[in-house]
Amino acid sequence: MNYFPDEVIEHIFDFISSHKDRNSISLVSKSWHKIERCSRKSVFIGNCYAINPERLIQRFPSLRSLTLKGKPHFADFNLVPHEWGGFVHPWIVALAKARVELEELRLKRMVVSDESLELLSRSFASFKSLVLVSCEGFTTDGLASVAANCRHLRELDLQENEIDDHRGQWLNCFPESSTALTSLNFSCLKGETNLAALERLVARSPNLESLKVNRAVPLDALTRLMSCAPQLVDLGVGSYENEPDQESFMKLMAAIKKCTELRSLSGFSEVAPLCLTAFYPICQNLTSLNLSYAAEIQGNHLIRFIQFCKRLQRLWILDSIGDKGLEVVASTCKELQELRVFPSDLHDEEDNDTAVTEIGLVAISAGCPKLHSILYFCKQMTNAALITVAKNCPNFIRFRLCILEPNKPDHTTSQSLDEGFGAIVQACKGLRRLSLSGLLTDKVFLYIGMYAEQLEMLSIAFAGDTDKGMLYVLNGCKKMRKLEIRDSPFGNTALLADVDKYRTMRSLWMSSCEVTLGGCKRLARNAPWLNVEIINENENNDLMMERNEEDEREKVDRLYLYRTVVGARKDAPPCVTIL
Amino acid sequence: MITELEMGKAESELELGLGLSLGGGTAAKISKPGGGGAWGERGRLLTAKDFPSVGSKRAADSASHAGASPPRSSQVVGWPPIGSHRMNSLAAKSAREEEEAGKKKVKDDEPKDVTKKVQVGFIKVNMDGVAIGRKVDLNAHSSYENLAQTLEDMFFRSKPGTIGLTGQFTKPLRILDGSSEFVLTYEDKEGDWMLVGDVPWRMFTTSVKRLRVMKTSEANGLAARHQEPNERQRK
């Protein structure tokens, strides 16, 4: 029995927005479960195949906002066939049929079609926000339907999607009455943009806070856009490889100066150094800066720019900044929380003096006390450096280190990097995400199993010696949710040791490992609540299936397993076998 | 559950495996098919021979720390772990640099051509029996001979004292002239698998989607399927 009437409890629940917390609430009692589910507005589904839309709607009839994720993470690196799955269409159909008053849809790594977008735009009268990240399958025609039909659209955010640009007039499709836009991001579109339509749209959107244009928006257009939207907080610019003339430059700078609310800057797929200097006036206000696509800019220009950015909290940059540049970041950006350093040149086989090394990483760890998330691509690393980093920064939540060459040892001692990563997991008690690289033995996994108590996501590549490694992780990391492994010698023993462990995890990915078809079949038999998917290259598929049927010792190319309450999916392509 | 003792034993087995070839011995250890005792399975799992990719790790453990022909980061499929969006922009950048070097005019829509590919000119190469797929830059080659050389280096050749990707120390392979154990095949834009070498190089580079180094025994069907009335020359 509850002490309070349901309405009061529901009101209290309204204050609780975190998914984790709401999930916990729903487990307290039947009554709380019912109140919670009927009042739940926002649902996050980390794996679209773990549940189906019908059951979702049944449980949460008041749904307003839905987040769905489709393909596994390694799809970002071309390890998952395009046709694997993750179709949003059935979800939209079901939501439309049930007359859910959907307002917000956020998709990641899903296949979206123009048909889906059209249906979406016509089915939900209060639809406000569409966020698509790393999706594919649609064209600007689909965007046109959304623009035309979603009368209350506030947010259209397209991040790194594969969109077929029909160079149409999708921007023109926003009706004149559409004035509610707060966020518009079409940076990933590759074609020409109707500048006039864009300028009119921005001019009539006084609440626009975030605008990210694509590379086809030239400097003078950007200047005009900024002039009529000085309230912008978040700006993504296009590509400006040519130095502007004096007049254009002055106009640009004047427009930028007026944008006193600007806090976040990105884009810059090419930028002439002079263009960058036009942004100096607002540098001191910036909390987020993404220059990671500006491959042409030399380190010294980057350094000069960053010297003004004293309030940066988030920085995404290319390794052309160099260790020296990172030292400048360390002494300038005392508020830095998140740093990502991407490689600027993958073809470079010789030692590149200007790329980043362990020195830069140590400098950052020493200079930035608030740092909690890092993604660092480099050519070399040492245990000593990692141990120092761990000492300097015990607050890491996300630590992703990618040494470009697989299996590369500590370059000063030639030893494995077990001790370095061990120090990280031991010191960083709140570590939730970890990506490993370099030469690593089973020992690093022993450390991870022992110390990484909060670890939820672990990415392993070219690491470990025996099944022990994987077992340490499965046995030790109680909070593990996503484990993804490639090119590591883990096999059936590790896979099958504790089947119930997978009940507590979202998914497991293993590619180019030692698991065999026989092992996977055994797992599937013992865990009917798992979908165990085998993904094979499409070549000679019939031949492969014959061979596979005969020889259970055949190694499995790619294995992806995930817990689900709805059994094997019906939309798997031929290259995927669900055991 | 696996005990420490059993694990320890398996490890010492592995150490032995470094110097001696236990390959034959371990195969015999599998008493029953489908993973008899936990023993047999682990024994099988842990021999050096079973890890073509681990060749590099074993070499690192031993005296030489050069790392056995470690795959260059740009040659391994899906590595480094950079999203395709970013890869495309990097590729577009280097393509632009190349063009500028050649003093050619940069086309405006060039980045668009790179949409689905990971890197301009790079195509996947798989070899039968080898776990790790590689990538090769077609643009960096001017002829079939060139390409064959690179592939032989990649999959078979070894630096002194190290182990190649397939764990073999071998002599030149001549995968193009039909005299070796392997042949080079490719998948074209229509999805057909063909023997490499029949069409002019330029035409080949525009139609190839990916390569596969196939065992000659398996390729026989392929040759027969594509046999033309007039005898073809394979160079």
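Residues numbered from 1 in each chain as written. Chains lettered and ligands numbered in written order. Predicted model: local features only at pLDDT ≥ 70, side-chain atom pairs only at ≥ 80, totals over all residues. Heavy atoms only, no water.

Description of helix H17 (residues 418–427) of chain A
The element H17 of chain A is extensively covered by neighbouring structure, given that seven of its ten residues are classed as buried. Summarising the contacts, the buried residues of H17 of chain A are in contact with helix H16 (383–392), strand S16 (398–403), strand S17 (433–435) and helix H18 (442–451) of chain A. (Buried < 20%, exposed > 50% of the residue type's maximum accessible area, 1.4 Å probe, protein only. Helix = DSSP H or I, 4+ residues; strand = E, 2+ residues; numbered from the N terminus. Contact = heavy atoms within 4.5 Å.)

A short note on the UniProt feature "domain: F-box" (unreviewed entry) in chain A
Using the residue numbers shown here, the UniProt feature "domain: F-box" (unreviewed entry) corresponds to residues 4–45 of chain A. Secondary structure within residues 4–45 of chain A divides into 60% helix and 10% strand; the distance between the first and last C-alpha atoms comes to 31 Å. (UniProt positions renumbered as here; feature names shortened; annotations may be inferred.)

Comments concerning the side chain of Arg-558 of chain A
Residues and elements named next belong to chain A. Relative to the helices and strands, Arg-558 resides in strand S22 (residues 558–563). Taking relative accessible area as the criterion, Arg-558 reaches 8% and is therefore assigned buried. Within the structure, Arg-558 has its side chain in polar contact with the backbone oxygen of Leu-79 (distance 2.6 Å). (Polar contact = N/O pair within 3.5 Å; in protein donor to acceptor, adjacent residues only side chain to side chain.)

Some words on the packing of helix H9 (residues 219–228) of chain A against helix H10 (residues 246–258) of chain A
Residue and element names in this part refer to chain A. The contact between H9 and H10 brings their axes to 8 Å, and the two run at 30°. Taken together, the axes of H9 and H10 lie roughly parallel to each other. Seen from above, H9 lies across H10 with left-handed handedness. Touching Leu-219, Leu-222, Thr-223, Met-226 and Ser-227 of H9 are Lys-251, Leu-252, Ala-255 and Ile-256, all from H10. Here the residues of the contact of H9 with H10 are counted per class, giving six nonpolar, two polar and one charged. (Axes fitted to C-alpha atoms, helices over the stretch in contact; angles between N-to-C directions. Parallel < 35°, antiparallel > 145°, perpendicular 65-115°, else oblique. Left-handed = near helix turned anticlockwise from the far one by under 90°. Nonpolar A, V, L, I, M, F, W, Y, C, P; charged D, E, K, R; others polar.)

Looking at helix H6 (residues 144–155) of chain B
In an α-helix there are 3.6 residues to a turn, and that puts residues three or four apart on one side. All names here are of chain B. Compared with an ideal rise of 1.5 Å per residue, which puts twelve residues at 16 Å, H6 spans 16 Å between its outermost C-alpha atoms and is within 8% of the ideal. Looking at H6, one finds that the buried residues are Tyr-144, Leu-147, Ala-148, Leu-151, Glu-152, Met-154 and Phe-155. Along the axis of H6, the buried positions cluster into a sector of 160°, meaning they face one direction only. For H6, the secondary structure elements touched by its buried residues are strand S1 (122–127), strand S2 (134–137), strand S3 (182–188), helix H7 (201–207) and strand S5 (208–215). (Expected span 1.5 Å × (residues − 1). Arc of directions from axis to C-beta.)

Section: unusual backbone geometry
In this structure, Pro-80 of chain B follows Trp-79 of chain B across a cis peptide bond, with omega equal to -5°. When you line up the elements, Pro-80 of chain B lands in the loop between helix H4 (55–61) and helix H5 (84–101). Even without a glycine there, the phi angle at Arg-99 of chain A is positive, about 55°. Structurally, the position occupied by Arg-99 of chain A is in the loop between helix H5 (89–97) and strand S3 (104–108). Residue Arg-99 of chain A is classed as exposed on the basis of its relative accessible area of 72%. Unusually for a residue other than glycine, Phe-268 of chain A sits at a positive phi of about 55°. Topologically, Phe-268 of chain A is positioned in the loop between strand S11 (264–266) and helix H11 (273–277). Assessed through its relative accessible area of 0%, Phe-268 of chain A is described here as buried.

Some details on the sheet that holds strand S4 (residues 193–195) of chain B
Residue and element names in this part refer to chain B. A sheet is described by the order of its strands in space; here five strands give the open sequence S2-S1-S5-S3-S4, paired in mixed fashion. The sheet is open, and its two edges are formed by S2 and S4, each paired on a single side. Mean inter-strand twist for the sheet, computed between neighbouring axes without regard to direction, equals 35°. By the bridge criterion, seven bridges tie S3 to S5 in an arrangement that is antiparallel. Along S5, the bridge assignment pairs Phe-182 with Lys-215. Packing against the sheet, H6 makes contact with S1, S2, S3 and S5, and its axis sits at approximately 150° to S2. (Pairing = 2+ DSSP bridges.)

Re the confidence of the model for chain B
Residues and elements named next belong to chain B. Confidence along chain B averages 59 in pLDDT terms, with 42% of residues attaining 70 or more. Scored below 50 in pLDDT, residues 1–68 shows 82 contacts in the model against residues more than four places distant or in partner chains. Scored below 50 in pLDDT, residues 158–171 shows 30 contacts in the model against residues more than four places distant or in partner chains. For this predicted complex, the interface score ipTM comes out at 0.86, while the overall pTM is 0.76. (pLDDT = per-residue confidence, 0-100.)

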